[in-house]
Amino acid sequence: MTIARPEPGPDFGAARPVARAPSGLFPSGPPPRPTYREPHPVTGGGVAAGGGVAAGWLLLFGLLGTDVASYAWWTVFAGLLAWATALVLIRFGDRGVATGVAIVTAGGWSIAAAVVAVRWATSGDWPLW
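Rules behind the numbers
Residues numbered from 1 in each chain as written. Predicted model: local features only at pLDDT ≥ 70, side-chain atom pairs only at ≥ 80, totals over all residues. Heavy atoms only, no water. Helix = DSSP H or I, 4+ residues; strand = E, 2+ residues; numbered from the N terminus. Buried < 20%, exposed > 50% of the residue type's maximum accessible area, 1.4 Å probe, protein only. Contact = heavy atoms within 4.5 Å. Expected span 1.5 Å × (residues − 1). Arc of directions from axis to C-beta. Phe/Tyr/Trp six-rings, centres within 6.5 Å; stacked < 30°, edge-to-face > 60°.

Whenever I open this one, the side chain of Thr105 confuses me. Can you help?
Looking at the secondary structure, you find Thr105 in helix α3 (residues 95-123). For Thr105, a relative accessible area of 0% puts it in the buried group. Beyond its immediate chain neighbours, meaning those up to four positions away, Thr105 contacts Ala54, Leu58, Gly79, Ala82 and Trp83.

Right under this line is the structure:
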């Protein structure tokens, strides 16, 4: 005769392994500190708008020049005003527009410098004084 032994059931008193602290490689919840958002994010439309306005501004001032020297000086003056406006926009306004203004102003100054350099190279006389 064989005596039937009961099968062991789940042991509710057994020790379970302690859960490990996450390493942080794969975060499982919200960040432990707040996430800050940019109040005036730089967008492509803002950069394009600033660039377009700056191009028009430099064009208007460049058309005031009657020769290479006056064109160059009007462009330098208009660029300084544009960069002052860009600094104000960076501090208090839209940084995307300020970026577009600064990029196009630098390009306008480069064009004016190239015009002066070509005139200087072809005539042998410094055209700005």
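Alright, that's what it looks like, and here's the rest.
Help me out: how do you make sense of helix α1 (residues 44-62) in this one?
Count 3.6 residues to each turn of an α-helix, and residues three or four apart come out pointing the same way. Between the first and last C-alpha of α1 there are 26 Å, a value that for 19 residues agrees with the 27 Å anticipated at 1.5 Å per step. By the burial criterion, the buried members of α1 are Gly46, Gly50, Gly51, Ala54, Leu58, Phe61 and Gly62. Projection of α1 onto a plane perpendicular to its axis shows the buried side chains occupying an angular sector of 130°, all on one side. In α1, the exposed positions angled more than 90 degrees off the buried face are occupied by Gly44, Ala48, Val53, Leu59 and Leu60. If you follow the buried residues of α1, they end up packed against α2 (68-92) and α3.

Please explain the packing of aromatic side chains as it appears in this structure.
Each aromatic ring pair is summarised here by two numbers: the centre-to-centre distance and the angle between the ring planes. Under the defined criterion, the tally for this structure stands at 8 aromatic pairs. Seen in terms of ring centroids, Phe61 and Trp74 are 5.8 Å apart; in terms of plane orientation they differ by 50°. Their pairing is tilted. With Phe61 in helix α1 and Trp74 in helix α2, the pair connects residues that are 13 residues apart, well separated along the chain. Looking at Trp74, the relative accessible area reads 32%, which means it is partly exposed.

As far as function goes, none of this settles anything; it's purely spatial.
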